[in-house]
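Structural overview for review
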Amino acid sequence: MAASAFRLTRPSIWYPSAVLCRFSSLGMDNMGIGASRSPLERLPFDNVVLRKLPLDPSEDPGVRTVRGACFSRVQPQPLKNPRFVAVSSGALALLGLSEEEVEKDPLGAEYLSGSRLMPGSEPAAHCYCGHQFGQFAGQLGDGAACYLGEVKAPVKGAGLTPYSRQADGRKVLRSSIREFLCSEAVFALGMPTTRAGSIVTSDSQVMRDVFYSGNPRMERCSVVLRIAPTFIRFGSFEIFKQADEFTGRQGPSYGRDEIRTQMLDYVIETFYPEIQQNHSDPVERNTAFFREVMLRTARLVAQWQCVGFCHGVLNTDNMSILGLTLDYGPFGFMDRFDPDFICNASDNSGRYSYQAQPAICRWNLARLAEALSPDLPSERAQAVLDEYLPLYNTFYLQNMRRKLGLLRKEEPEDEVLITNFMQTMHNTGADFTNTFRSLSQISCPVEGEAADDTEAIKQATELLLQQCASLQELKAASRPTMDPRELAMLLSMAQSNPMLFNILSDRKTVARQLEKLSRLKELLETTEEELKAKQTEDWACWIKQYRQRLARECEGVSDVKMVQEERVQVMDSTNPCVVLRNYIAQNAIEAAENGDFSEVQRVLKVLEKPFCVQEGLEQLAWVGRRGMEEPGERDEGEQGEPEEDGRGAGNRVLVPYDSKPPAWANEICVT
């Protein structure tokens, strides 16, 4: 984040840190006038972006194509009886606000949901385009969000904008809780992200078909207050795109090159001032800017991979120009490790799977480079893009060495050790988060102890076996998601009519289904005892390699105990013991939908300290087995449907936040 530009957004209320400093002096100079105003009413809006970038002259509230402008003025639609579900004290502190004063403000929920405008606020919606699932979609924009102004913060779910398309401009409680909790969870894990200051719900309702079953139901409208230096994204620069050769769509401001240059100048001057200061030549400046965006993106996705986070919808309109995690929709933290993990049930091709994320981010950077041309010459952009993969690998290895406690030496064999670890986790169905967390309990060989000491390896193996999947769980995970008849038809078509096959599917998708089928067949011929023996053998083999590497960490060290203590400290501050698993979010959602917001607040407190072993992690979690939800295209969150056997949300058992997920968690569907 640029120190000179901290902005809050409602979807942005934007907040330069310089303004926050000025806020203090303004408060003193106007003590007589401001004494009766609440802290929210004294927020110092300056709304710089609306002066720096073109504003749509039309105030027509209807959906329309917006040409020659980066923002449109909007009027947020008030909610009925808005009230807080939860607030984040850390995020609100970025605005100089305390949790207590916001919650006690009788107008607090109205202000932070956009139902009532704070003095100085100038609501606006941002115009941007995007490549969605690889295809240029044309104009998108803030369809359910708007800037309140620059202090400053987006609020998702604030009402209709010119970019709402066919939707109603509202978000419901389910998706809002997920976004609120994950924004703060990702921040606590040490990853760059937009923040969430509050979540407000209301008595306003909208119709949603949760299960896509033709049985819609009414749900409460809710609003999340987002905070970030800026919400400008890769897709912001795609509004100038010429007609796409595949979809035929073009950006609404195609041909307005002067606005693209104006936006580029604004972004660099405001958020990358050191680059602006160090480069007088425009091409050199723009290349340095693109390189910095590339570097931040590579570092961010490496961090995602190392905590098992999957974004779910890595379209160009969801990529921050500052390298922040942006737009929390169908995200997911992996439970059982699977490189093909897909958190978004709408992603039938696996385009945004866990292992695809690094390559997809590079693809998105290439689209940004195209959008910046000719301000960024293509040959200069390509040279920067060539640096991406080596940089990503460097960041990834640095993170992984810390996660494995390899701190004193960097050996070429480390990459093989890490790859073997991930493969063993996959083969044994090990829980991603808990297996990494357990590694600090495997100690370096002490003096006189061999790295392949049988008893030490046995104890370490038993430790990791606790995180492995059962035969039943692996069978369920290996079932093809494609109907066998459809798969057989596609295999036949690939031979008889390759052109039609390429229209309907692709070889990668079919190969993934065949791999699952092969794995399932193997498991059907395996007993639980045989599986346990194979898992034991796999882990014992890897642990032996790991202890040999740990022994080399201690070579030439007089105080092995000190090395071990340092290693444990680093590992336990790098490998979280709790992440926002889907079942944790679902428990909080179900409680909130029944009027109990305490679980949302409790989960927030736990997620704020993800590396700490916290007392009382056992919580009465709602269990009932959920039904399946059909894939769709919305990001309205997750749901499960109670069975008719009476084991609904009313039944509760103790499910620790740091445990492997309960069986029903596998059926939670997020789209």
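Up top is the structure these notes are about.
So, here's what we can say about the structure. Model, not experiment: these values are computed from the prediction.

Take helix 20 (residues 507-524) next. In this model helix 20 runs 26 Å from its N-terminal to its C-terminal C-alpha over 18 residues, within 8% of the 26 Å that 1.5 Å per residue would give. Considered for burial, the residues of helix 20 that qualify are Thr509, Val510, Arg512, Gln513, Leu520 and Leu523. Here the buried residues of helix 20 occupy an arc of 155° about the axis, which is enough to place them on one side. Exposed residues on helix 20 whose side chains face more than 90 degrees from its buried face are Arg507, Lys508, Glu515 and Lys521. Where the residues of helix 20 are buried, they touch helix 17 (471-478), helix 18 (484-496) and helix 19 (498-504). You can read the cap of helix 20 off the contacts: a side-chain oxygen lies 3.1 Å from the backbone nitrogen of Lys508, and it is on Asp506.

On to the pairing of strand 11 (residues 217-227). Remark: a regular strand shows side chains that alternate across the two faces of the sheet. Among the 11 residues of strand 11, eight are classified as buried, and the element is accordingly described as predominantly covered. Here strand 9 (residues 171-172) pairs with strand 11 via two bridges, running antiparallel. Following the sheet pairing, Val172 is matched in strand 11 by Cys221. Direction of pairing for strand 10 (residues 195-208) relative to strand 11: antiparallel, over a ladder of 10 bridges. Residue pairing across strands places Ile199 opposite Val224, the latter belonging to strand 11.

Taking 1.5 Å of rise per residue, 16 residues should cover 22 Å, and helix 13 (residues 388-403) covers 22 Å from first to last C-alpha, within 8% of that figure. Burial in helix 13 covers these residues: Tyr388, Tyr392, Phe395, Tyr396, Leu397, Met400, Arg401 and Lys403. Where the residues of helix 13 are buried, they touch helix 10 (282-307), helix 11 (357-372), helix 12 (378-385), helix 14 (414-428), helix 15 (432-438) and helix 22 (560-572). Count one or two residues on from helix 13 and you reach Gly405, which has phi positive near 75°.

Right, let's get into the nonpolar core. In terms of nonpolar packing, the biggest core is built from 136 residues, with Met422 and Leu580 touching the most fellow members. Ignoring anything within four residues of it in the chain, the contact list for Leu580 reads Arg178, Leu181, Cys182, Ala185, Phe331, Phe333, Ala585, Val603 and Leu607. Within the second largest apolar cluster, 19 residues are counted, among which are Val87, Leu95, Leu97 and Tyr111.

Considering all chains together, one arrives at 36 salt bridges under this definition. With a closest N to O distance of 3.7 Å, Glu411 and Arg549 form a salt bridge. With Glu411 in the loop between helix 13 and helix 14 and Arg549 in helix 21 (residues 528-553), this residue pair connects regions lying 138 residues apart in the sequence. Judged by relative accessible area, which is 1%, Arg549 ranks as buried. Residues participating in the shared-partner salt-bridge network are Arg401, Glu410, Glu411, Asp414, Arg549, Arg552 and Glu553.

Conventions adopted
Residues numbered from 1 in each chain as written. Predicted model: local features only at pLDDT ≥ 70, side-chain atom pairs only at ≥ 80, totals over all residues. Heavy atoms only, no water. Helix = DSSP H or I, 4+ residues; strand = E, 2+ residues; numbered from the N terminus. Expected span 1.5 Å × (residues − 1). Buried < 20%, exposed > 50% of the residue type's maximum accessible area, 1.4 Å probe, protein only. Arc of directions from axis to C-beta. Contact = heavy atoms within 4.5 Å. Polar contact = N/O pair within 3.5 Å; in protein donor to acceptor, adjacent residues only side chain to side chain. Pairing = 2+ DSSP bridges. Core = buried A, V, L, I, M, F, W, Y, C linked by side-chain atoms within 4.5 Å. Salt bridge = Lys/Arg side-chain N within 4 Å of Asp/Glu carboxyl O.

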